[in-house]
Amino acid sequence: MVRIDSKNQKLDAFLQPKLLQTTVDVNSVDAMYQDTNGVLSSGVDLTRKSSNSVEMPKRRSVLLTSVRTLQQEIKAETHTGLQEVFQKHSFVGCVSRKHSLIQHDTKLYLLNSFLLSKELFYQILLFDFGNLGVMKLSTEVPIYRLAMLALDCSESGWSETDGPKEELAKYIVDFLETQSEMLLDYFSLHIKNGKLYSLPLILDNYVPAMEGLPMYILRLATEVEWDSEKECFKSFCRETADFYAMKPDSLPDESEEQLQIAADSMEINSSQLSDAETVATRRQSWKWTTEHVLYPAFRSTLLSPKRFADNMSILQIANLPDLYKVFERC
């Protein structure tokens, strides 16, 4: 085990994988959601003005009591010991899309990247409330189509007793339209004339797995507690964080042949990108994102909740002094 300074960067931090862009229209969203491999992503324009830009708008102060209360609840639940581990850790490597290894002091830890990223996005949504960047979809997507795709999935729990899918999808469109002004103002989620134009840019250089978009839209209409301000913001942020989280099954470990099939099914905007580059990019992009986007954000931003000590989010698997004792007995 080699100890390194957690502040040091590796060279590959500057070698960000090429972004594969596709056009998010009705057909591509349909293909994304029906793709069982779940490796398709959407083409998006990431918009967040630079801190050096003279056009950078002033950060809005949050005056809503409900939001401040939720922020205070997060701070009150912070685990001091785990917080030090996150702030001073050194990234060791990815075990899988769900788990990664970090080192702190002489201890080696196994972390659940899904649970950590879910909590990270929830906290950012609340602490950047009203100040989120904009992730513009390359092509606006009809909410009705997204709702129908979600209702066609067994995960939605739809049954004939719930009524015709077409009527439910129309209700989702109409309902979200009534909330569109608030969603755009507070969360940069732009819905207009029954179409989705943008999503919140929660973390720079991070795009959620777009095959989860239909179910996300469905759950916004059905699972968010819209009648209570505090519960509305809390449940909205939870649902959004769940959509954005690095899910273990969103980009499964395919063989090169499977990755090639998935790549061939996409409409690539860049004709220069060869099949080999496509496969390599898909294979490496999630690892780069995990190491150079998510874990730096865990270090600088995440307030580690106390439940992380009990729910297997972080697990100590080795301690250097104990290993020395083992070697001494050999």
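Refer to the structure above for everything that follows.
Quick look at the structure, then. As the structure is a computational prediction, the values presented were derived from the model and not from experiment. Each chain carries its own residue numbering, running from 1 in the written order of its sequence. Confidence filtering applies because this is a predicted model: local features only for residues at pLDDT of at least 70, side-chain atom pairs given and counted only at 80 or more, and all residues used for totals across whole chains, interfaces and linings. Only heavy atoms go into the side-chain values, all of them from the structure, while hydrogens and water stay out.

Considerations on the pairing of strand 7 (residues 195–201)
Partly exposed residues are those whose accessible area sits between 20% and 50% of the maximum for their type, while under 20% is buried and over 50% is exposed, using a 1.4 Å probe and protein chains only. Numbering of helices and strands runs from the N terminus; a helix is a DSSP stretch of H or I covering at least four residues, while a strand is a stretch of E covering at least two. Across the 7 residues that make up strand 7, a large majority, 5, are buried. Any two strands with at least two DSSP bridges between them are considered paired. Judged from the 6 bridges that link them, strand 5 (residues 133–142) and strand 7 form a sheet pairing that is antiparallel. Each bridged residue has a counterpart across the sheet, and for K136 the counterpart in strand 7 is S198. The pairing of strand 6 (residues 190–192) with strand 7 spans 3 bridges and is antiparallel. Bridge assignment links H190 to a residue of strand 7, and that residue is S198.

Quick notes on the packing of helix 2 (residues 65–76) against helix 9 (residues 229–244)
In a pair of packed helices, the angle between the axes and the distance between the axes together describe the arrangement. All axes are obtained by fitting lines to C-alpha atoms, using only the stretch in contact for helices, and the reported angles, taken between N-to-C directions, cover 0 to 180 degrees. Interaxial distance between helix 2 and helix 9 falls to 9 Å at its minimum, and their mutual angle equals 55°. As summarised for this structure, helix 2 and helix 9 are arranged oblique, according to the angle between their axes. Of the two possible hands of crossing, helix 2 and helix 9 adopt the one that is right-handed. Within the contact between the two elements, helix 2 uses S66, V67, T69, L70 and E73 and helix 9 uses E229, K230, F233 and K234. In terms of residue class, the contact of helix 2 with helix 9 is made up of 3 nonpolar, 2 polar and 4 charged. Throughout this description, any angle smaller than 35 degrees is read as roughly parallel, any larger than 145 degrees as roughly antiparallel, any in the 65 to 115 degree range as roughly perpendicular, and the remainder as oblique. In this scheme the crossing of two helices becomes right-handed for a clockwise turn of the near helix relative to the far one and left-handed for an anticlockwise turn of less than a right angle. Contact between two residues is taken to exist if any of their heavy atoms lie within 4.5 Å; hydrogens are not considered. Each residue is assigned to one of three groups, with Ala, Val, Leu, Ile, Met, Phe, Trp, Tyr, Cys and Pro labelled nonpolar, Asp, Glu, Lys and Arg labelled charged, and all others, Gly among them, labelled polar.

What about the environment of M312?
You can see M312 is positioned in the loop between helix 11 (275–300) and strand 8 (314–319). For the pair formed by M312 and L115, sequence separation is 197 residues and the distance between their alpha carbons is 9.2 Å.

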